[in-house]
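Architecture and fold: a report
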Amino acid sequence: MKLFINTNRTGYAPDQIRRTMTVAELIAALEELPEDAQVYLKHDNGYTYGGISWNDLEEDWSDEKDLEELD
């Protein structure tokens, strides 16, 4: 089985995005799938594709709200 995540450009900066999934929502969605399903990013209505690796994951703690939660 393959899981395709259709990607759409909806802004040019994170603060322009009205809604995105939380980690909890993403985990809940993924729990319904087989653990060995491969994940692909689907761009431009299937014109181009990409994969996801550990090196692609990037954390950004620059939001003051996120920093306050660490205290």
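So, here's what we can say about the structure. (Residues numbered from 1 in each chain as written. Predicted model: local features only at pLDDT ≥ 70, side-chain atom pairs only at ≥ 80, totals over all residues. Heavy atoms only, no water.)

**Here's the deal with the pattern of salt bridges**
Under the defined criterion, the tally for this structure stands at one salt bridge. The shortest N-O distance in the salt bridge between Arg 19 and Glu 25 comes to 2.7 Å. With a relative accessible area of 31%, Glu 25 lands in the partly exposed category. (Salt bridge = Lys/Arg side-chain N within 4 Å of Asp/Glu carboxyl O. Buried < 20%, exposed > 50% of the residue type's maximum accessible area, 1.4 Å probe, protein only.)

**A short note on the sheet that holds strand S1 (residues 2–6)**
Ordered by their spatial adjacency, three strands build an open sheet running S1-S2-S3, and the pairing between neighbours is mixed. Edge positions in the sheet fall to S1 and strand S3 (48–51), since each of these pairs with one other strand and no more. Sheet twist, expressed as the average angle between the axes of neighbouring strands with direction ignored, equals 35°. (Pairing = 2+ DSSP bridges. Helix = DSSP H or I, 4+ residues; strand = E, 2+ residues; numbered from the N terminus. Axes fitted to C-alpha atoms, helices over the stretch in contact; angles between N-to-C directions.)

Nothing here speaks to function; it is geometry throughout.
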